[in-house]
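Here is how the chains run, residue by residue.
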Amino acid sequence: MIISLNHYLVLGAFLFCIGVAGVLTRKNAIIILASVELMLNAVNLTFIAFARHWGDATGQIFVFFSMVVAAAEVAVGLAIIVVLFRHKESINIDEVNLLKW
Amino acid sequence: MILHFLTQAVFWFLVILTVGSAIVVVFNKRILHSAFALLFTLCGVAGLYVFLSADFLAASQMLVYVGGILTLIIFGVFLTARMYNMSIPEQTHQRFLALLPVLGLGGIIFYVLNSAEWHLITPMVAPTTENLGKMLLTTYLVPFEVASMLLLAALIGAIRLARPRKEDHDD
Amino acid sequence: MNYDYNLSAIAVPLILAAGSVLVLLTDVLLGKKAKDSAYQTTLTILALAGVFCFTRWGTGGSAFFGQVYTDGFTSFFNLAFLTVGFLVVLNSPNYLIRNGIDHGEYYMLILLALLGMTFMASAGDLLIFFLGLETMSICLYVLAGFHKSRAKSNESSLKYLLLGAFFTGFLLYGMALVYGQVGSTNLAEISNYLAEAANPLGGYMGIGLALLLIGLTFKMAVVPFHFWSPDVYDGAPTPVTAFMSTAPKAAAFAAALRIFYHPGIELGIPWENVLWVLAVLTMTVGNFAALAQTSVKRMLAYSSITHAGYLLVGFLASNELGASGMLFYLFMYGFMNVGAFTIAYLVNRRGKGNYNLSDFAQLGTKSPMLAALMSIFMLSLTGIPPLAGFFGKLYIFSAAVQEGYVWLVVIAVLNSAISVFYYLRVMVMMYMREGEDLADLEKAPTVAITAVICGLAILIFGLFPSPLLDLARASIIALL
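This one's a predicted model, so the numbers in the text were calculated from it and none came from an experiment.

### Examining the overall build of chain A
Counting secondary structure elements, chain A contains three helices and zero strands. The N-to-C order of helical and strand elements in chain A reads α-α-α. Taken across its 101 residues, chain A has 75% of its residues classed as buried. Long-range pairs, those at least 24 residues apart, make up 45% of the contacts in chain A with a sequence separation of at least 6.

As structure tokens, this is what we get:
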């Protein structure tokens, strides 16, 4: 069997769904952030697979920037979690009153 | 023939590593285990980047994700979970209810991906680093600069929030 | 005309970027001696950027290898963002000083959020749109949590960040699939593809555009992706709420028009049906939830969901009148909402601090000026002629009727009628209710000036809507 584009796409979709499941089922804010990182990794994989398919570097540029954004989001996210932790001594989103969804 | 077999073996190893550890990240109840499982997912994805001849991004993945983001996440786990009780099992809510939209979404995406034709991937091309560098300073110059402002905003914002408060008082 | 390295094409964001660094520097160097140096610098920078934007109105074309467009559409939205930014900054010090959070970073983050929005409106490529959106979002996450000592503000910020990052994943996945189908992330090439393809939504394109739309509707707070907005708006500092409920919404609609507005390209019946359902749900859910609120801040938060629904009606109609009506409405909505939130903030100081409706009691006799301004905002949000809000709705709804969406317009008008109830409740409270003894209003000149500017703008553009509408129409034509 030859490894084709669809192998990567299906893997990406699978990884993305695992990430979505994590965001929906977990309550710990840090694990939710980690699940979001899984989703972004899945998207990056999809981008690079398409970039390979088209023989075009745009997709790789896109991934480069998405890594930058992911890093910035995690940094700000942890800053917020640290502030909240000082107040609440808990980061389970159930104990955070507003965070019911 | 042996080379072909080896390539296949490495590819499937990476796939299993990535998916397996991703499942651990999401479904393991111990927070620290989840954070460490993320390490293997990120490395597996970096390996797949090499397969897709994105050598520069594989290196960036190791530096930015493993070196930066993962470190931050583990740092956050240590900072917030009580140090002496690292393995507090965490409750999850209506897991099966939450999985319904995931299954729906997954079904749709798989359907679409599989109904499109199977494109074959052509053999490897040359290293991409030089090409990417040129593009970042020509076509993608503006995005490059916007990204720098984005990082500035994140930096200042994170410092402002995380700094211990002395001067703030309540409403 | 296609100048590539043309710095004047990005003059407004350049001023904002340089300004944000300047604000930080003035705060560090002069902040100890002159407390409001950052505030004054920010206002100057915003005014300067506004003058630049106005005098060098976009003439079309793109720059930096098709990354940014320099047309009237860009200039129109830049002006709208700068106006909202100016009004929000103008009334912020009162809140910030009172709560002990008057740090220069606040102004800097507002400037950087505006920078992100200008790139969303001028984006010629999915990449620059994505980066603009994220710059804006990251600034807003921090601004929402800026009142660190209040748990509510922290929670609002965390909720916004987690959900924002989650939906960024969907947005990005959509972009990846669109890129996979088209082979480019350039918006011009994507619209070429859509125009030429036999089945525009075939392959990965349909689900790609759908995921992209999910990501955008989150930022617009469209039902069913609205659930974050009331809590986040409620928890954030009030000037930030005024900012969040107007400018980012305008930016998201600007980006949606850039990406999806292609007259002559039919995306097909399923696409229209989805937008139809989204519009109806958004208007109705926002409305009924707003009815049930006792807090004015939450009421305004829910009503901003309803307004996103009205804007979706224009987006669905997607003809020249509908799109220019959206531009008009978004511009005016900035004035209405910022004005309403500033007065709500000022009045809130009389009561217990939970934005209770009863704080408005007897405002009509105690402060006729503020009561009159609040009435203008409420009536304009309802859509009573001859205020600006009425004309915005008129253009959007008549565009939808032209396109044959009669039932949609009927539902929209019914919703407007329902919204009369909760908007007028504020006026009834101001003019007809006896209140228990409430403290007198404090003097807050900057807040009052902001409200007066907003009120005047609504009156003037309500009485003479055509210049602004012409400008909006010219911008939409430039988009083609």
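### A closer look at the overall build of chain C
Across its full length, chain C carries 20 helices and three strands. Its C-alpha radius of gyration of 21 Å places chain C within 12% of the 23 Å reference for a compact globule of 480 residues. Principal axes of the C-alpha set define a box for chain C whose edges measure 70 × 55 × 40 Å. Each of the 480 residues in chain C was classed as buried or not, and the buried ones make up 63%. Put simply, of all contacts in chain C between residues at least 6 apart along the chain, 79% involve residues at least 24 apart.

### So, the environment of glycine 389 of chain C
Residue and element names in this part refer to chain C. Its location among the elements puts glycine 389 in helix H17 (residues 388–402). Through-space distance from the C-alpha of glycine 389 to that of alanine 176 is 38 Å; in sequence the pair is 213 residues apart. With sequence-adjacent residues up to four places away left out, glycine 389 is seen in contact with Met332, Met336, Ser380, Leu381 and Gly383.

### Some thoughts on the interface of chain A and chain C
In this assembly, 36 residues from chain A lie in contact with 31 residues from chain C. If you tally residues by element for the side of chain A that touches chain C, the top one is helix H3 (residues 58–88) of chain A, at 17 residues. Taken together, the residues that form the side of chain A that touches chain C break down as 25 nonpolar, eight polar and three charged.

### Concerning the nonpolar core
Generally speaking, soluble globular proteins have nonpolar side chains that are buried together. Core analysis: the biggest nonpolar cluster contains 285 residues, and Val76 of chain A, Leu150 of chain B together with Met120, Ala251, Ala255 and Val313 of chain C have the highest contact counts within it. Of the residues forming this core, the biggest block, 21 residues, is contributed by H3 of chain A.

### Quick word on the interface of chain A and chain B
Accessible area lost on assembly of the parts is the figure often given for the size of an interface. With 60 residues of chain A at the contact, the number on the chain B side is 66 residues. Those elements giving two or more residues to the side of chain A that touches chain B turn out to be helix H1 (5–25), helix H2 (29–54) and H3 of chain A. The element contributing the most residues to the side of chain A that touches chain B is H3 of chain A, with 21 residues. By residue class, the composition of the side of chain A that touches chain B is 45 nonpolar, 11 polar and four charged.

### Comments concerning helix H5 (residues 126–144) of chain C
The end-to-end C-alpha separation of H5 of chain C is 26 Å, in line with the 27 Å expected for 19 residues at 1.5 Å each. Of all 19 residues in H5 of chain C, 19 are buried, a share of seventy percent or more.

### Examining the confidence of the model for chain A
Residue and element names in this part refer to chain A. Per-residue pLDDT for chain A has a mean of 84; in total, 85% of the residues score no lower than 70. Per-residue pLDDT, averaged within each element of chain A, yields its smallest value for H1 (88) and its largest for H2 (91). Residue range residues 97–101 is modelled with pLDDT below 50. Its contacts to residues more than four positions away, or to other chains, number 11 contacts.

### Brief notes about the confidence of the model for chain C
All names here are of chain C. Per-chain confidence: chain C averages 89 in pLDDT, with 98% of residues scoring 70 or above. Taken element by element, the predicted model of chain C shows its lowest mean pLDDT in strand E1 (residues 2–3) (50) and its highest in H5 (96). Complex prediction metrics read pTM 0.93 and ipTM 0.92.

### Some points on unusual backbone geometry
All names here are of chain C. Of note, the amide linkage connecting valine 223 to proline 224 takes the cis form, showing an omega dihedral of 10°. Residue proline 385 is joined to proline 386 through a cis peptide bond whose omega torsion reads 5°. Topologically, proline 386 is positioned in the loop between helix H16 (368–382) and H17. Even without glycine at this site, phenylalanine 65 takes up a positive phi of about 55°. Among the structural elements, phenylalanine 65 can be located in the loop between strand E2 (62–63) and strand E3 (68–69). The partly exposed category is assigned to phenylalanine 65, around which 18 C-beta atoms lie within 10 Å.

### Focus: the environment of alanine 388 of chain C
Residue and element names in this part refer to chain C. Checked against the element boundaries, alanine 388 lands in helix H17. In this structure, the C-alpha to C-alpha distance between alanine 388 and isoleucine 458, residues 70 residues apart in sequence, is 5.2 Å. Apart from residues no more than four positions distant in its own chain, alanine 388 is found in contact with Met332, Ser380, Ile458, Phe461, Gly462 and Pro465.

### Considerations on the packing of H17 of chain C against helix H19 (residues 445–463) of chain C
All names here are of chain C. Interhelical geometry of H17 versus H19 gives an angle of 50° and a closest axis separation of 7 Å. Relative to H19, the element H17 lies oblique. Seen from H17, the contacting residues are Ala388, Phe390 and Phe391; seen from H19, they are Ile458, Phe461 and Gly462. When the residues that make up the contact of H17 with H19 are grouped by side-chain class, the tally is five nonpolar, one polar and no charged.

### A short note on the packing of H2 of chain A against helix H6 (residues 151–182) of chain C
Put simply, H2 of chain A and H6 of chain C touch, their axes get as near as 9 Å, and they point 10° apart. Judged by the angle between their axes, H2 of chain A and H6 of chain C are roughly parallel. Contacts between H2 of chain A and H6 of chain C pair Ala29, Ile32, Val36, Met39, Leu40, Val43, Thr46, Phe47 and Phe50 of chain A from the former with Leu158, Leu162, Ala165, Phe166, Gly169, Leu172, Tyr173, Ala176, Tyr179 and Gly180 of chain C from the latter. Tallied by class, residues from the contact of H2 of chain A with H6 of chain C come to 16 nonpolar, three polar and no charged.

### Section: the environment of tyrosine 179 of chain C
Position of tyrosine 179 of chain C among the secondary structure elements: in helix H6. Among the residues examined, tyrosine 179 of chain C registers 26 C-beta atoms within 10 Å and is labelled buried. Tyrosine 179 of chain C sits 108 residues away from asparagine 287 of chain C along the chain, and the two C-alpha atoms are 37 Å apart. Dropping the residues within four chain positions of it, tyrosine 179 of chain C is found in contact with Phe47, Phe50 and Gly59 of chain A together with Thr185 of chain C.

Conventions and cut-offs
The residue numbers shown here count from 1 along each chain, following its written sequence. To label them, take the chains in the order written and letter them from A, then take the ligands in the order written and number them from 1. Totals for whole chains, interfaces and linings use all residues, but because this is a predicted model, local features are given only for residues with pLDDT of at least 70 and pairs of side-chain atoms are given and counted only at 80 or more. Helix and strand assignments come from DSSP, with helices taken as H or I runs of at least 4 residues and strands as E runs of at least 2, each series counted from the N terminus. Burial in this document is a count-based property: other C-beta atoms within 10 Å of a residue's C-beta are tallied, and the residue is buried at 20 or more, exposed at 12 or fewer, or partly exposed in between, with C-beta positions derived from the backbone. Contact between residues is assigned whenever the C-beta positions, reconstructed from backbone atoms, fall within 7 Å. Based on C-alpha atoms, the radius of gyration is set beside the globule rule, defined as 2.2 Å times the residue count to the power 0.38. Polarity classes work like this: nonpolar for Ala, Val, Leu, Ile, Met, Phe, Trp, Tyr, Cys and Pro, charged for Asp, Glu, Lys and Arg, and polar for all others, with Gly in that last group. We define a nonpolar core as a collection of buried residues of the types Ala, Val, Leu, Ile, Met, Phe, Trp, Tyr and Cys that are connected via C-beta atoms lying within 7 Å of each other. Here a helix's expected span is defined as the number of its residues, less one, multiplied by 1.5 Å. Looking at any residue, its pLDDT shows the predictor's confidence there, from 0 to 100. Think of each axis as a best-fit line through the C-alpha atoms, taken over the contacting stretch in the case of a helix, with angles from 0 to 180 degrees between the N-to-C directions. Roughly parallel here means an angle under 35 degrees, roughly antiparallel means over 145, roughly perpendicular means 65 to 115, and every remaining angle is called oblique.

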